[in-house]
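The chain contents come next:
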2 protein chains.
Amino acid sequence: MSQHRHPGAPGSAGAVPALPDLPEATVARLPEYLRALHNLADGGHETVSSEGLATAAGVNSAKLRKDLSHLGSYGTRGVGYDVALLIEQIESVLGLTQRRAVALVGVGNLGHALAGYDGFASRGFRIAALFDADPARVGEEINGLVVRHVDELSRVAAEESIAIGVIATPAAAAQPVADQLVAVGVTSILNFAPCVLSVPEGVDVRKVDLAIELQILSFHEHRKASLTALPATGGSALTALPGGLAANDSQEAIGT
Amino acid sequence: MSQHRHPGAPGSAGAVPALPDLPEATVARLPEYLRALHNLADGGHETVSSEGLATAAGVNSAKLRKDLSHLGSYGTRGVGYDVALLIEQIESVLGLTQRRAVALVGVGNLGHALAGYDGFASRGFRIAALFDADPARVGEEINGLVVRHVDELSRVAAEESIAIGVIATPAAAAQPVADQLVAVGVTSILNFAPCVLSVPEGVDVRKVDLAIELQILSFHEHRKASLTALPATGGSALTALPGGLAANDSQEAIGT
DNA sequence: AGGCGCTTGTGAAGGGGTGCACAAATCGCG
DNA sequence: CGCGATTTGTGCACCCCTTCACAAGCGCCT
């Protein structure tokens, strides 16, 4: 995660539009709030209480209030939050007022699916270009976009003013591709390749590794199995499960 | 993230094989170490220093040492860690000694790609069954597996002794599918649908939302753009940059 | 055998995040 | 106009995690 945080502006505090310098954990939750808010808006709700929005987003209500307070708090005590206004606020903070152009590199198994994923388009992004190193794949049309050779990356990226690069190549190809993206000026990368990317300072990389997610689940599965296997260790209330399962009330570890 | 933490075994501590009750943050990093270790092993290395493994895994060396110390520390001072031994250790802790069976529900755009993703098979998992609710997709063969109707889930899951369920359905279908998985006894779920799942206690859910990842990147992109746009805010050492464009000085956040 | 350099393992300090609990604020109603 | 119900915003304490810094341990070389 983030390491050095600039100490913070001394006392100047001009009329800066909105650079609240949010805590990273808050930033990671805002998109979830946004999704829940859109759901509520579609359902006809005009206002929500922190409690309502919190459960819709799967978090604690106190946490949600604190998160929202960081971005200026547009709630009304005794009433709740104005759904439309809050959507506007969050989208503004997340920089979603402009639809950002995304370049996807690697149109293999996973990349192909990503190229066709409509969740991107519906949530503020536009897949602007597809690239692959395999000549056999160049020229193929996916979702109205033609796959180009990765050598054209620098030219096309400039034309389309790419803001974010998505890497869905095999691990071996990921680093060179990242270097190319950085060279073109891309400063945000979403990496699906199972490897560590080395990028210059100022470039953000987020990694999604599907196998890792499964392995984390495997650990918990393993632990649960061990626990039930030897019921001798006192404590744990779940040993007493009668026939069925406890009513759903908690929720779980969403990867931070 | 995780909420219920069993208070911890009182004082019994028998000769339990290995239930070190690792910190969640450590668990989330172990798979990354494992991947790096396999790379090293393939490269012919027999031992690694914490520094070497740390950079290969993209983390701080102190953090890595502390992580490994939690699981019993099989390193040798002055030398480093035995690669093969450490692999064995981590795989054991993660419960990867047995190849766990995974059921994938929802063979749409993304699900199709997941079904064909070889990263699962090569890292300890076996996709044992595919399901979909759309009759048009039932019967299709993907990677040697036939897509079955979701109604058969309970029967097939029992036969294959499914350990983990992966949900790749549209958001609206995710909750019913999760309920079915839970009913069959699945206690670990990986959810790709953009919605919050409600599950009983004892069931672990991890969520992967691709749009959310992009939105987090968008925030940082937005922030970086705002920073370079207005160099007026006092303090910050980057005002003194001569030419203009603030040389890269901030940093990147690799998702935790 | 002894000493030296290297690397691990860990105590302690610091930062960040979470959740409780409550004061402050707003609305609606009598 | 005042009061009570409701809900936000936040001070505070706690806990987890990260990071530094260093002592302890190990191998190698002389």
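Scroll up a little and you will see the structure.
This is a predicted model, so every value here is computed, not measured. Position numbers for residues count from 1 along each chain, tracking the sequence in the order it is written. Lettering of chains starts at A and numbering of ligands starts at 1, both following the order in which they are written. Totals for whole chains, interfaces and linings use all residues, but because this is a predicted model, local features are given only for residues with pLDDT of at least 70 and pairs of side-chain atoms are given and counted only at 80 or more. To get the side-chain values, all heavy atoms of the structure are used, and hydrogens and water are removed first.

### Structural notes on the overall build of chain A
Working step 1: Starting at the N terminus, helices and strands are each numbered in turn, a helix being any DSSP run of H or I of at least four residues and a strand any DSSP run of E of at least two. For chain A, the count of helices and strands is nine helices and 10 strands.
Working step 2: Burial status follows relative accessibility: with a 1.4 Å probe on protein chains alone, a residue under 20% of its type maximum counts as buried, one over 50% as exposed, and anything between as partly exposed. For chain A, the residues scored as buried account for 45% of the 256 residues in total.
Working step 3: Here the open area of atoms and residues is found with the Shrake-Rupley method and a 1.4 Å probe, where only the protein chains shown may cover a residue. Of the roughly 11,800 Å² of accessible surface on chain A, a fraction of 54% belongs to carbon and sulfur atoms.

### A short note on the sheet that holds strand β2 (residues 75-76) of chain A
Residues and elements named next belong to chain A.
Working step 1: An order of β1-β3-β2 is seen for the three strands of this open sheet, with the pairing classed as antiparallel. Every interior strand has two partners, whereas the edge strands, β1 (47-48) and β2, have only one.
Working step 2: One bridge is not enough; two strands pair if DSSP finds at least two bridges between them. Pairing of β2 with strand β3 (residues 80-82), which is carried by two bridges, proceeds in the antiparallel orientation. Bridge assignment links G75 to a residue of β3, and that residue is Y81.

### A short note on the sheet that holds strand β2 (residues 75-76) of chain B
Working step 1: Spatially, β1-β3-β2 (chain B) is the arrangement adopted by the three strands of the open sheet, whose pairing is antiparallel. At either end of the open sheet lies a strand with only one pairing partner, and these are β1 (47-48) and β2 of chain B.

### A few points about the packing of helix α1 (residues 24-42) of chain A against helix α3 (residues 61-70) of chain A
Residue and element names in this part refer to chain A.
Working step 1: Across the interface, α1 lies against α3 with an axial gap of 10 Å and an inter-helix angle of 105°. Here α1 is positioned roughly perpendicular relative to α3, judged by the angle of their axes. Here T26, R29 and Y33 of α1 come into contact with α3, specifically with K63, L64, D67, L68 and H70.
Working step 2: When its residues are assigned to classes, the contact of α1 with α3 shows three nonpolar, two polar and three charged. A fitted line through C-alpha atoms serves as each axis, taken over the contacting stretch for helices, and the angle formed by two N-to-C directions is quoted from 0 to 180°. Under this scheme an angle from 65 to 115 degrees is roughly perpendicular, one under 35 degrees roughly parallel, and one over 145 degrees roughly antiparallel; angles in between are oblique. Note on contacts: a residue pair qualifies if any of its non-hydrogen atoms lie within 4.5 Å across the two residues. In this classification, Asp, Glu, Lys and Arg are treated as charged, Ala, Val, Leu, Ile, Met, Phe, Trp, Tyr, Cys and Pro as nonpolar, and every other residue, Gly included, as polar.

### Concerning the protein's contact with DNA strand C
Working step 1: The criterion for a residue being near a molecule or strand is simple. One of its heavy atoms has to lie within 4 Å of it. Taken together, 26 residues lie near DNA strand C, and R29(A), K63(A), K66(A), S50(B) and Y81(B) sit nearest.
Working step 2: Within the contact set of DNA strand C, a base oxygen lies 2.3 Å away from a side-chain nitrogen or oxygen of K66(A).
Working step 3: Within the side chain of R65(B), an N or O atom sits 2.9 Å from a base nitrogen of DNA strand C.
Working step 4: Put simply, the parts of the chain that give the surface near DNA strand C at least two residues each are α1 and α3 of chain A together with α3 (61-70), β2 and β3 (80-82) of chain B.
Working step 5: Here the residues of the surface near DNA strand C sort into seven nonpolar, 10 polar and nine charged. Pairing of N or O atoms within 3.5 Å defines a polar contact, subject to two protein rules: one partner must be a possible hydrogen donor and the other a possible acceptor, and residues neighboring in sequence count only if both atoms are side-chain atoms.

### A few points about the packing of helix α5 (residues 109-116) of chain A against helix α5 (residues 109-116) of chain B
Working step 1: Running from N to C, α5(A) and α5(B) point in directions that differ by 175°, and their axes come no closer than 8 Å. Here α5(A) lies roughly antiparallel to α5(B), going by the angle between them. In this structure, α5(A) uses N109(A), L110(A), H112(A), A113(A) and G116(A) to contact α5(B), whose residues at the interface are N109(B), L110(B), H112(B), A113(B) and G116(B).
Working step 2: The class makeup of the residues in the contact of α5(A) with α5(B) is four nonpolar, six polar and no charged.

### Some words on the pairing of strand β7 (residues 145-149) of chain A
Residues and elements named next belong to chain A.
Working step 1: Note: strand β5 (residues 125-132) against β7, three bridges, orientation parallel. Of the residues in β7, the one forming a bridge with L130 is V147.
Working step 2: One ladder, built from two bridges, connects strand β6 (residues 141-142) with β7; its direction is antiparallel. The partner of E141 across the bridge, within β7, is V146.
Working step 3: Taken together, β6 and the strand that follows it, β7, pair antiparallel across an intervening segment of two residues, in which N143 is found at a positive phi of about 55°.

### Details of the side chain of T169(B)
Working step 1: Within the fold, T169(B) resides in the loop between β8 (164-167) and α8 (171-184).
Working step 2: Those residues in contact with T169(B), other than ones at most four positions away along the chain, are V105(B), G106(B), A174(B), V177(B) and A193(B).

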